[in-house]
Amino acid sequence: MGATATVFAHDVPAPAGMEKCYGIAKAGQNDCGTSKHGCATLSKIDRDPEDWKGVPTGTCVTLGGKLSPPK
């Protein structure tokens, strides 16, 4: 039997020139899974603090988001 690796949503890198911005995605517009769901576009509520959306580097905070996931 092979070992299975667990990849957490917060471990997935943002695309080049972008940064992960937590807490700004509208329902269904998140870019990755969280502990609540396993994939992009599956968020159920607007501005869930666990969901992130890729935004141009340097713009997250001005959009009202956070650069790290909730603890």
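Above this text is the structure in question.
Residues numbered from 1 in each chain as written. Predicted model: local features only at pLDDT ≥ 70, side-chain atom pairs only at ≥ 80, totals over all residues. Heavy atoms only, no water.

*Asks:* How would you sum up the overall build of the protein? Please name residues and give values.
*Replies:* Within the protein, the regular secondary structure consists of zero helices and two strands. Taking as baseline every contact in the protein between residues at least 6 positions apart, the subset at least 24 positions apart corresponds to 50%. Here the protein displays about 4800 Å² of accessible surface, and carbon together with sulfur accounts for 61% of that area. (Helix = DSSP H or I, 4+ residues; strand = E, 2+ residues; numbered from the N terminus. Contact = heavy atoms within 4.5 Å. Areas by Shrake-Rupley, 256 points an atom, 1.4 Å probe, with all protein chains shown as cover.)

*Asks:* Describe the pattern of salt bridges, with residues and values.
*Replies:* Under the defined criterion, the tally for this structure stands at one salt bridge. Put simply, K36 and D48 hold a salt bridge, and the shortest N to O gap is 2.9 Å. Pair noted here: K36 is in the loop between β1 (18–22) and β2 (52–56) and D48 is in the loop between β1 and β2, with a separation of twelve residues, a long-range link. Accessibility expressed as a relative area gives 53% for K36, which makes it exposed. (Salt bridge = Lys/Arg side-chain N within 4 Å of Asp/Glu carboxyl O. Buried < 20%, exposed > 50% of the residue type's maximum accessible area, 1.4 Å probe, protein only.)

*Asks:* Which residues make up unusual backbone geometry, and what values do they have?
*Replies:* At R47, a residue that is not glycine, the phi angle is positive and equals roughly 60°. Residue position: R47 is located in the loop between β1 and β2.

*Asks:* Could you give an account of the environment of A27, naming the residues involved and the relevant values?
*Replies:* Mapped onto the secondary structure, A27 falls in the loop between β1 and β2. Since its relative accessible area comes to 35%, A27 is described here as partly exposed. In this structure the C-alpha to C-alpha distance between A27 and K44, which are 17 residues apart in sequence, comes to 5.0 Å. Those residues within four positions of A27 in sequence are excluded, and the remaining contacts are S43, K44, I45 and D46.

*Asks:* Tell me about the state of the cysteines, residues and numbers included.
*Replies:* Counted by the stated rule, this structure contains one disulfide. The thiol of C32 is unpaired, and the distance to the nearest cysteine sulfur, on C39, comes to 7.6 Å. Exposure remark for C32: the relative accessible area of 12% places this residue in the buried category. We classify C39 as partly exposed; its relative accessible area is 43%. (Disulfide = S-S within 2.5 Å.)

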